[in-house]
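# Survey of secondary and tertiary structure
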Amino acid sequence: MNDVSPKPIPVVLSGQALLSLRESGHNFPSAVGEVIDNSIEAKANQVQILTEKGQVGRKKVITEVAVIDDGKGMEEETLHHYLQLGYSTRFMSNDTIGKFGVGAKLAGLSVAMRVDAWSRVEGSDRIRHVFFDLGEAVAEEKAGNEVGIQPPDDEPVPPHLLAYFPEGSGTLVVWSKIDRVSDGNGKTSPDHVISELTKELSRIFREFIGGGIRISVDGVDLRPHDPTFRQKGSWVDHVLSEHLRRTANTTFASGDRHFEPQVFFSEEVEVKVEGAKHTIQVTITLAPAEVLRHRGSGGDSMAKQLRLPENERAVSFLRHDREISYTNVAGLFPAPVDTPDRFIGFEVRFTPELDRLMGVRNVKRGAVPDDELRETLREIAKKIIPAARAELQRIWGQQKRESAEHAGEHAPIVKEVKNAERTMPKSRVKDKPSPAQLDRAYDDMAKDAGKTTEEEKEAYAQGIADLPFVIETVDFPGDQIFELTHLGEQTFIRLNARHTFYREMYEPLKQIADGTTAGGSGVVASTAKRALEAITLLIVAYAKAETQHATPDAQYAELRKHWGSFTQLYMDKIKDVL
């Protein structure tokens, strides 16, 4: 018996196929990015992303995502087709961000089971609505009914979102029945996911944000994040400016200061596609010195705030000024690849004509250059990146030398203090460090003194072993004038070169005493030297006083902290009154 129907059957079982297509390769930021693409193509000047949070059992989750723009809106026919897979007014265009007609649809369904859209065009007083519910579609299909998208209706905008809808033209897209929101590593905590969303969107759309298009997440405007560090007003500029304001009392004329990177390569490179010549723009940079700071800084809290760890070996591919990939390309960076490479920015810009060459897919997430282009990029990297690496090492070496320039400046005094100690009360500190703790303390002090090799560290340790007090000038954050490390019968003193007291009092006196500034001779120089001695001995005397207590850290640590912070405050507020 033949049960095969003589009638044609659908090429695609819509509901079942869409369930499969939910595995489209999107993560949450890339999915939201597809909707923003449509907003930008609709000439929006402002795009707002709003999230709703709820509770499923004992777990906090994101229950709704809304994207609202003030673009030109969609006419009735376009709105009806908005959720139709494959439909696009820009289908296969090489002049626009989107071209395949699947981005925003697959994006919404990769995250949620229901997508609603409301839109109004200029001059109209009606906000029209369409929706697609995947759960309902699957049920209809199983019941033997045809699955489709109903024509636009007049369902009102949800009350909690009405205030955000623009007064003129605009579009609102809402994802609900959300069941698949996570970051790229499967983490689903709403706060974490939204933080990752903010970070990714600020990089993906950096050119548009920097150009004046406002994109916000839950009411917070995004700052552009440029992994090549060239863009002014970027996230890096903001973080560094705020850091300098806090730690160095630095003020800027207005807004944030821009920190320039070193540009090692920024050129148009010719490539061939199907016999035709095209160009791509390749840029390789080294982060500003304020980002580089010092060797070993690439993984600290500041580096993480600057988003440096994810930059290691990453290449940013921009298509039509919109980033479509930020990833490692195997074999692109010349060996040996190491952590310092996170300070190197690598960017490739291209136009949609090169989509095939760049391996662009219908989901704007990921680009895999073909073999010929990869070889071209590899040759550029082979020539340029070693130079950037060498410059990085040179800068770090210079910083190390500069940080060690104060090493030993207190040696004459601490030697005389040792002689004076013969007739003075001895330390009463009870806590004695273990051999391992003592070795670590000596190693740390040697590093602070600019000693890098094992031979230098050993010689330094031998030189200070019998000194009751050891002083080194060290650059460290915070508002303490000095730090003390009590090691039983020995005390290490670290004078803070970053403190206002050192910068405005100690260092100028030293320059006068050394004759490196005008007037640094005769009686003036002699007075400056005696003032330096007095200040240094004042600090040693304080440290000596602490050693007369059995547990000085427990007793005086808070006092030290307040003394330093109040000194800084007074010196900031009071000047030139004598």
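Reading guide: rules and limits
- Residues numbered from 1 in each chain as written.
- Predicted model: local features only at pLDDT ≥ 70, side-chain atom pairs only at ≥ 80, totals over all residues.
- Heavy atoms only, no water.
- Helix = DSSP H or I, 4+ residues; strand = E, 2+ residues; numbered from the N terminus.
- Buried < 20%, exposed > 50% of the residue type's maximum accessible area, 1.4 Å probe, protein only.
- Contact = heavy atoms within 4.5 Å.
- Areas by Shrake-Rupley, 256 points an atom, 1.4 Å probe, with all protein chains shown as cover.
- Pairing = 2+ DSSP bridges.
- Axes fitted to C-alpha atoms, helices over the stretch in contact; angles between N-to-C directions.
- Nonpolar A, V, L, I, M, F, W, Y, C, P; charged D, E, K, R; others polar.
- Salt bridge = Lys/Arg side-chain N within 4 Å of Asp/Glu carboxyl O.
- Polar contact = N/O pair within 3.5 Å; in protein donor to acceptor, adjacent residues only side chain to side chain.
- pLDDT = per-residue confidence, 0-100.
- Phe/Tyr/Trp six-rings, centres within 6.5 Å; stacked < 30°, edge-to-face > 60°.
- Lys NZ or Arg CZ within 6 Å of the ring centre and 35° of its normal.

## As for the overall build of the chain
Tallying secondary structure elements over the chain gives 19 helices and 15 strands in all. The buried share of the chain, taken over its 578 residues, is 48%. Taking all contacts inside the chain whose residues are at least 6 apart in sequence as the whole, residues at least 24 apart take part in 65%. Surface summary for the chain: the accessible area is close to 29400 Å², and the carbon and sulfur share equals 51%.

## A short note on the sheet that holds strand β13 (residues 469–474)
Read from one edge of the open sheet, three strands run β13-β15-β14, paired in mixed fashion. Each end of this open sheet is capped by a strand with a single partner; those strands are β13 and β14 (482–486). Mean inter-strand twist for the sheet, computed between neighbouring axes without regard to direction, equals 15°. As judged from the five bridges shared by β14 and strand β15 (residues 491–496), these two strands associate in the antiparallel manner. Among the inter-strand pairings, H486 is bridged to a residue of β15, identified as T491. Most of the contacts of helix α15 (residues 435–448) go to β15, to which it runs at about 30°, and overall it touches β13 and β15.

## Here we look at the packing of helix α17 (residues 500–514) against helix α19 (residues 552–573)
Between α17 and α19, whose axes approach to 9 Å, the crossing angle comes to 65°. Along the contact surface, α17 presents T500, F501 and E504, while α19 presents T567, Q568, M571 and D572. A class-by-class count of the residues in the contact of α17 with α19 yields two nonpolar, three polar and two charged.

## Quick word on the pattern of salt bridges
Overall, the coordinates contain 38 salt bridges when judged by the stated rule. Across the salt bridge formed by R214 and D221, the nearest N and O atoms sit 3.2 Å from each other. With relative accessibility at 41%, the residue R214 sits in the partly exposed group. For D221, a relative accessible area of 39% corresponds to the partly exposed category. With its nearest N and O atoms 3.0 Å apart, the salt bridge here joins E391 to R394.

## Quick word on the side chain of D116
Topologically, D116 is positioned in strand β3 (residues 112–120). The class for D116 is buried, based on a relative accessible area of 4%. Among the polar contacts made by the side chain of D116, one reaches the side chain of H129 at a distance of 2.7 Å. Not counting the four nearest positions on each side in its chain, D116 is found in contact with H129, V130, F131, L172, V173, V174 and S176.

## Section: the confidence of the model for the chain
When pLDDT is averaged across the chain, the result is 84; 85% of the residues are at 70 or more. Averaged pLDDT values over the elements of the chain bottom out at 56 in helix α1 (residues 14–21) and peak at 98 in strand β6 (residues 214–217). The low-confidence segment residues 8–13 (pLDDT under 50) makes two contacts with residues lying over four places distant or belonging to another chain. Every residue in residues 90–101 scores below 50 in pLDDT, and together they form 42 contacts with partners more than four places removed in sequence or on other chains.

## Overview of the packing of aromatic side chains
Taken as a whole, this structure holds eight aromatic pairs when the rule is applied. Ring plane angle 90° and centroid distance 5.6 Å describe the contact between F343 and W396, whose orientation is recorded as edge-to-face. Of the two residues, F343 sits in the loop between β11 (322–328) and β12 (344–350) while W396 sits in helix α13 (residues 371–403), which places them 53 residues apart along the sequence. Of the residues examined, W396 reaches a relative accessible area of 5% and is grouped as buried. An aromatic cluster is present here, built from F482, Y542 and W563 joined pairwise through their rings. The cationic tip of R307 hangs over the ring face of W235; the distance from NZ or CZ to the ring centre is 4.3 Å.

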